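Commentary on secondary and tertiary structure
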Amino acid sequence: MAAPERAGPGDAAAAALDELSRNLSYWAPGAGNGSLSGAWYRRNQIHFFGALLGILGNVVISISLNIQKYSHLLSAQREHPRPYFKSVLWWVGVLLMAVGETGNFAAYGFAPVAVIAPLGCVSVAGSAIFSVMFLKENLRASDILGMTLAIAGTYLLVNFAPNITQAVSARSVQYYFVGWQFLIYVILEILIFCILLYFHKRKGMKHIVILLTLVALLASLTVISVKAVSGMITFSVMDKMQLTYPIFYVMFIIMIASCVFQVKFLNQATKLYNTTAVVPVNHIFFTTSAIIAGIIFYQEFLGAAFLTIFIYLFGCFLSFLGVVLVTRNREKEHLQQSIIDFGSIPGKQMLDKIQPDSNGLSYGTLPDGSDSTKSQSGEKKEV
């Protein structure tokens, strides 16, 4: 009997290329690992449904944000503004926000983390579109390019993400929870979190990278627990009740606690830095952290071809670049720096103007930086 032939590197490369060709052939009857072919739809309808839920959820979130902002603008234009919580339009935005977040939560029960987590770029791109409709903002060339890249990246993410079918039951979550990969990951994450927290609290370091890294480390636990809770609820509805297992409530507590502290550090970042800096950096850090968490905890890329992983990561890069282009310099175009002219104030005569100092703690400084003013006679008077 002849010995079986061993597959060499050339055979592996040829197999990967065949896999890629199947991935890009629509409605072809091939196996298609991570393809959008007809076979992909037939075998992975649940994953496609989860991705669709995630996309729709993020679109609804972008609509809700614009509606809430529009209600604030309407209130500010009134002669006697009412509190925002008395506006029907604001409550419509809040309701839509709840619907969108519910869609995102449910999406984790049907599709892998690697599919759902990067779809946050849809919310950013959608906000740019709906701001033209609701807020009458201008659609810039960078917005169009950014939305195009985000859509292309989303296509590649959904197309080449792992299509491993996972029934997230209580027993599977328990198995992953005590696995050595996750235990090492949690120990390293806690160590890094404590070091960053020490520099943030004791040393007073409030750099955007430190704050958003803290957010990302918490977000990885949020994503793991959200998928576990959503998956066990989905499994309970479709197969067998899982809500009686203690691991469900352990994951639920982790989900709530990580969300609360995540919002706390994110609010600190938004207070210290512009939204145009916080949104893209947070999206990149959150998505990267979520993908790593999905790889380690749920082993989502186990057995995936190298070419598939490469194109998936390229899709992530396109979505990141799209978010950066959409958010770049957006606030600077709408915020006008105010200048106070003391010449228009009764009893004051000055030719100079005071410009707000963005780098200092005081509101403004004189052009020559002195702490004195000149009277009409030209004599210097100490302030």
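In case you missed it, the structure is sitting above this.
Residues numbered from 1 in each chain as written. Predicted model: local features only at pLDDT ≥ 70, side-chain atom pairs only at ≥ 80, totals over all residues. Heavy atoms only, no water.

**Some points on a nonpolar patch on the surface**
Operational definition: To count toward a patch, a residue needs a relative accessible area above 30% and no salt bridge. Like charges then connect within 9 Å, nonpolar side chains (Val, Leu, Ile, Met, Phe, Trp, Tyr) within 5 Å. Residue burial considers only the protein chains on display, and all accessible areas are found by Shrake-Rupley using a 1.4 Å probe. Should a side-chain nitrogen of Lys or Arg be within 4 Å of a carboxyl oxygen of Asp or Glu, the pair is scored as a salt bridge. Secondary structure elements follow DSSP: runs of H or I of four or more residues count as helices, runs of E of two or more count as strands, with numbering from the N terminus.
Taken together, the side chains of Leu-191, Ile-195, Tyr-198, Phe-199 and Met-205 present a nonpolar region at the surface, about 460 Å² in accessible area. Inspection of the secondary structure assignment puts Phe-199 in helix H9 (residues 180-201).

**Some points on the packing of helix H10 (residues 208-238) against helix H12 (residues 275-297)**
Applicable threshold: The convention used is that axes are lines fitted to C-alpha atoms, helices contributing only their stretch in contact, and that angles between N-to-C directions extend from 0 to 180 degrees. What sets the label is the angle itself: under 35 degrees gives roughly parallel, over 145 gives roughly antiparallel, 65 to 115 gives roughly perpendicular, and the rest give oblique. Take the far helix as your reference; a near helix turned counterclockwise from it by less than a right angle gives a left-handed crossing, and one turned clockwise gives a right-handed crossing. Throughout, a residue-residue contact means that at least one pair of heavy atoms, one from each residue, lies within 4.5 Å. The classification used treats Ala, Val, Leu, Ile, Met, Phe, Trp, Tyr, Cys and Pro as nonpolar, Asp, Glu, Lys and Arg as charged, and all other residues, Gly among them, as polar.
Where H10 contacts H12, the two axes come as close as 8 Å, and the packing angle between them is 40°. One finds that H10 runs oblique with respect to H12. The chirality of how H10 crosses H12 is right-handed. On H12, the residues that touch Ile-208, Val-209, Leu-212, Thr-213, Val-215, Ala-216, Leu-217, Ala-219, Ser-220, Val-223 and Ile-224 of H10 are Ala-277, Val-278, Val-281, Asn-282, Phe-285, Phe-286, Ser-289, Ala-290, Ala-293 and Phe-297. Its residues placed into classes, the contact of H10 with H12 shows 17 nonpolar, four polar and no charged.

**Observations concerning the nonpolar core**
Basically, it comes down to this: Residues belong to one nonpolar core when they are buried, are Ala, Val, Leu, Ile, Met, Phe, Trp, Tyr or Cys, and are joined through side-chain atoms within 4.5 Å. Buried, partly exposed and exposed residues are distinguished by accessible area as a fraction of the type maximum, computed with a 1.4 Å probe on protein chains only: under 20%, between the cut-offs, and over 50%, respectively.
Residues Val-173, Met-251, Phe-297 and Tyr-312 are the most contacted members of the largest nonpolar core, which totals 54 residues. In terms of residues, this core owes the most to one element, helix H13 (residues 306-327), which gives eight residues. Residues within four places of Tyr-312 in sequence aside, it is in contact with Ala-114, Pro-118, Leu-157, Phe-160, Ala-161, Ile-291 and Phe-301. Judged by nonpolar contacts, the second largest core, of 13 residues, contains Leu-214, Leu-217, Ala-269 and Val-278.

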